[in-house]
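Descriptive analysis of the structure
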Amino acid sequence: MKTQYKHLLQRTYLVLVFGFMYLPIAVLIAYSFNENKSRAVFTGFSLKWYASLFHNEMILSALGLSLVLAFVSAIIATVLGTLATIGINSMSRKAQLIINNISYVPVVNPEIITGVSLMLLFVIVQKMGIGGENGVFGWITLLIAHITFNVPYVIFNVGPQLDGSLYNAALDLGCTPRQAFFKVILPQLSPAIMSAFLICLTYSIDDFMISYFNCGTMQTLPIAIYSMTRKKVSPEINALSAIMFLVILAIILTSNAMDSRAYKRNQKAIRRAAAEQ
C-alpha cells in the first residue's frame, strides 16, 4: 500500500512539474491556430496567422538577423572559448584559478550591467572617431557583445572535459603537437564543443537585454517582440514560436536518435570483438 502511494505521489509530482513547464507552450501553440486575435477565447481553427507570418517583413527580417547573429557569434565564441580552455589548461594551478574566477564574472553578472558596460565602451570608441558619421552601433557591436557573453559558457562547458594527460601521452607515443591536437584532444572535446555551440546559439537567439543596449537601429527578434508589446503582440508571434519550438524539438529528437544508434553500434562492435577473442 505504501509503495503504491509512493508511486502515485511520484507520478503526480512529475505531471505537475512537466505540466508547469510545457502547458504554457501547449497553450501558445493552440492559440497560434486561433481564428481571431483574442488571447482568451478560442473562436475557431485557422492557419491564417502562419500565412500572415511569411508576409510580415519586420518579423522575418528580425528573425533573419537573430539567426545569422546567433550562428556567427556562436561559431566565433566556440572557437575562441575552446582555444582559451586549452591555453588555461596549460597554465599553473594558481593561474587557472585566477582566470576561471575572472571568467565567472560575465556569467553571474546581471545582464543589464553587462549590456550597459559594453554600450559605454562602444560610446568611448565612437568618440575616438571610429565608425564615421554612422557611428559604431549596429551589426559589429551586436556581434562583439554576443561573443563576449558567450565565450565564458564555452570555457566552463569544455574545460571539465579536457584531460591534459592525454595530450602528453600522445606526445610520448610519437605524435607531433599538431597530430596530438587533431587526433586526440579534438575528438575528446567534440561532444563538449558541440554542446557549447548549441548553448551559445540558444543564448544568442534568446538574448534581449545586452542586444537592446548595443543594437543601434537594428532589431533582433526579442527586440522586435518587445516593440510590439507597446501596442499588442501579434498572433503571428505565436505562429513563429510554435514553428521554432517544433524545429528545436525535431533537432533534439534527431540528435538523441543518432546518439542512441551510435551507442548501439559501439556496443555491437564491443560484443563482436569480445566474441572473436
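Above: the structure in question.
Conventions used here
- Residues numbered from 1 in each chain as written.
- Predicted model: local features only at pLDDT ≥ 70, side-chain atom pairs only at ≥ 80, totals over all residues.
- Heavy atoms only, no water.
- Core = buried A, V, L, I, M, F, W, Y, C linked by side-chain atoms within 4.5 Å.
- Buried < 20%, exposed > 50% of the residue type's maximum accessible area, 1.4 Å probe, protein only.
- Helix = DSSP H or I, 4+ residues; strand = E, 2+ residues; numbered from the N terminus.
- Contact = heavy atoms within 4.5 Å.
- Phe/Tyr/Trp six-rings, centres within 6.5 Å; stacked < 30°, edge-to-face > 60°.
- Patch = residues over 30% accessible without salt bridge, like charges linked within 9 Å, V, L, I, M, F, W, Y side chains within 5 Å.
- Areas by Shrake-Rupley, 256 points an atom, 1.4 Å probe, with all protein chains shown as cover.
- Salt bridge = Lys/Arg side-chain N within 4 Å of Asp/Glu carboxyl O.
- Bend = angle between axes of the 7 residues up to and from the residue.
- Lys, Arg positive; Asp, Glu negative; His and termini not counted.
- Charge placed at Lys NZ, Arg CZ, Asp CG, Glu CD.
- Axes fitted to C-alpha atoms, helices over the stretch in contact; angles between N-to-C directions.
- Parallel < 35°, antiparallel > 145°, perpendicular 65-115°, else oblique.
- Left-handed = near helix turned anticlockwise from the far one by under 90°.
- Nonpolar A, V, L, I, M, F, W, Y, C, P; charged D, E, K, R; others polar.
- Polar contact = N/O pair within 3.5 Å; in protein donor to acceptor, adjacent residues only side chain to side chain.

Observations concerning the nonpolar core
- Core analysis: the biggest nonpolar cluster contains 24 residues, and Val158, Leu189 and Leu201 have the highest contact counts within it.
- Taken together, the elements giving at least two residues each to this core come down to α3 (57-89), α6 (139-158) and α8 (177-206).
- It is α8 that provides the largest number of residues to this core, a total of 9 residues.
- Not counting residues up to four positions away in its chain, the partners in contact with Leu201 are Ala70, Phe71 and Ala74.
- Counting residues in hydrophobic clusters, the runner-up holds 14 residues, among them Tyr50, Leu53, Ile237 and Ala239.

Here we look at the packing of aromatic side chains
- Tallying each qualifying case throughout the model produces 12 aromatic pairs.
- Their ring planes at 15° and their centres at 5.2 Å tell us that Phe33 and Phe45 sit as a pair that is stacked. Of the two residues, Phe33 is situated in the loop between α1 (2-31) and α2 (48-53) and Phe45 in the loop between α1 and α2; the sequence distance between them amounts to 12 residues.
- Between the aromatic rings of Tyr104 and Phe156, the centroid separation amounts to 4.2 Å while the plane-to-plane angle is 20°, which identifies the pairing as stacked. With Tyr104 in helix α4 (residues 93-108) and Phe156 in helix α6, this pair connects stretches of sequence that are 52 residues apart.
- Take Tyr104: its relative accessible area is 42%, and that puts it in the partly exposed class.
- Feature note: the residues Phe208, Tyr212, Phe213 and Tyr226 constitute an aromatic cluster, connected by ring pairs.

Describing a nonpolar patch on the surface
- There is a patch of nonpolar side chains on the surface, built from Tyr13, Leu14, Phe18, Phe20, Met21 and Tyr22 and spanning about 710 Å² of accessible area.
- Overall, Phe20 belongs to the exposed group, its relative accessible area being 69%.

Description of α8
- When the local axis directions of α8 are compared, the greatest deviation, roughly 50°, occurs at Ser190, which is followed within four positions by the proline Pro191.
- The set of residues buried in α8 consists of Ala180, Ile185, Leu189, Ala192, Ile193, Ala196, Phe197, Cys200, Leu201, Ser204 and Ile205.

Observations concerning a positive patch on the surface
- Together, Arg261, Lys264, Arg265, Lys268, Arg271 and Arg272 give the surface a local cluster of positive charge.
- Position of Lys264 relative to the elements: it lies in helix α11 (residues 235-276).

A word on the packing of α4 against α6
- In the contact formed by α4 and α6, the axes pass within 8 Å of each other and the chain directions differ by 130°. Classified by the angle between their axes, α4 and α6 sit oblique to one another. Regarding α4 and α6, the two cross each other, and that crossing is left-handed. Packed against α4, whose contacting residues are Asn100, Ser103, Tyr104, Pro106 and Val107, the element α6 presents Pro152, Tyr153, Ile155 and Phe156 at the interface.
- Of the residues assigned to the contact of α4 with α6, the class counts are 7 nonpolar, 2 polar and no charged.

A look at the environment of Leu162
- Relative to the helices and strands, Leu162 is located in the loop between α6 and α7 (164-172).
- We classify Leu162 as buried; its relative accessible area is 11%.
- The spatial distance from the C-alpha of Leu162 to the C-alpha of Thr82 is 9.8 Å, given a sequence separation of 80 residues.

Points about the side chain of Ser66
- The residue Ser66 is located in helix α3 in this model.
- Only 2.7 Å separates the side chain of Ser66 from the backbone nitrogen of Leu221, close enough to count as a polar contact.

Quick notes on the environment of Ile155
- Checked against the element boundaries, Ile155 lands in helix α6.
- Ile155 sits 52 residues away from Ser103 along the chain, and the two C-alpha atoms are 8.1 Å apart.
- Excluding residues within four positions of it along the chain, Ile155 makes contact with Gly81, Ala84, Thr85, Ile88, Asn100, Ser103 and Pro160.

Overview of the side chain of Thr141
- Mapping Thr141 onto the fold places it in helix α6.
- Within the structure, the side chain of Thr141 is placed 2.8 Å from the backbone nitrogen of Gly138, a separation counted as a polar contact.
- Those residues within four positions of Thr141 in sequence are excluded, and the remaining contacts are Phe122, Val136 and Asn214.

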